[in-house]
Amino acid sequence: MDEIDLKILKELQRDARLSHQDLSERVGLSPSPVARRIRAMEDAGVIKGYTANVDEAQMGFGFSVFVSVKLDHQIDDRLVSFERAVAHYPEVMDCWLMTGSRDYLLRVAVSGLDEFESFLTGRLTKVAGVASIESSIPIRRIKGQLSRLV
């Protein structure tokens, strides 16, 4: 990865729909080398894919809750069953296996407290092995970015 590759990645993160022509003008290279570099980064797995960045609030899911989950035992079967369960819950936007006093950190996106309560009491508390749950409601997002580039 060189300086040009980093410029290409930064521009694609701003707008992944840029044509090779527009991208080449922004990074100071002709379209053919830009296309080759993009293809090489895709083949190497640096670029994993392209997605639409959807505004959750505009879709009716503007209420996020961070949920810390502690399991009763940190054994493979419990971890696997918990991960399988949350993978099927559309409300769970992110799920991280953590170090420290909690086993998992989830970000849940819902329409409001009523929907969160339904999710919490109707689904999450019923997952086998869940020992405790702690929820935190964010006030406002200070910073968010897709990935770190040098």
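Residues numbered from 1 in each chain as written. Predicted model: local features only at pLDDT ≥ 70, side-chain atom pairs only at ≥ 80, totals over all residues. Heavy atoms only, no water.

Trainee: So what's going on with the nonpolar core? Which residues, and what values?
Mentor: Grouped together as the largest cluster of nonpolar side chains are 20 residues, with contacts concentrated most on Val67, Val69, Phe82, Leu106, Val108, Phe116 and Leu124. Among the secondary structure elements, those contributing two or more residues to this core are strand S1 (63-71), helix H4 (76-87), strand S3 (104-110) and helix H5 (113-122). Once residues within four sequence positions are removed from consideration, Val69 is found in contact with Phe82, Arg102, Asp103, Tyr104, Leu106, Leu124, Val130, Ser132 and Ile133. Core analysis: the second largest hydrophobic core is formed by eleven residues, Leu12, Leu18, Leu23 and Val27 among them. (Core = buried A, V, L, I, M, F, W, Y, C linked by side-chain atoms within 4.5 Å. Buried < 20%, exposed > 50% of the residue type's maximum accessible area, 1.4 Å probe, protein only. Helix = DSSP H or I, 4+ residues; strand = E, 2+ residues; numbered from the N terminus. Contact = heavy atoms within 4.5 Å.)

Trainee: Run through helix H2 (residues 20-27), naming residues and quoting values.
Mentor: Along H2, the residues that are buried comprise Leu23, Ser24 and Val27. Within H2, the buried residues cover an arc of 100° as seen down the axis, which keeps them to one side. In this structure, the buried side of H2 is in contact with helix H1 (3-14) and helix H3 (31-43). Two residues or fewer past H2, Gly28 is found with a positive phi of approximately 75°. (Arc of directions from axis to C-beta.)

Trainee: Break down the sheet that holds S1 for me, citing the residues and quoting the values.
Mentor: Sheets are built from strands that pair by backbone hydrogen bonding, the pairs being arranged parallel or antiparallel. Read across the open sheet, the four strands follow the order S2-S3-S1-S4; overall the sheet is antiparallel. Each edge of the open sheet carries a strand with a single partner, namely strand S2 (92-97) and strand S4 (130-136). Adjacent strand axes in the sheet meet at a mean angle of 20°, parallel and antiparallel pairs treated alike. In the sheet, S2 pairs with S3 via five bridges, with the strands oriented antiparallel. Note that in S3 the partner of Asp94 across the bridge is Arg107. Running over the sheet, H4 touches S1, S2, S3 and S4 and is turned about 15° from S3. Sitting on the sheet, H5 is in contact with S1, S2, S3 and S4, with an inclination near 135° to S3. (Pairing = 2+ DSSP bridges. Axes fitted to C-alpha atoms, helices over the stretch in contact; angles between N-to-C directions.)

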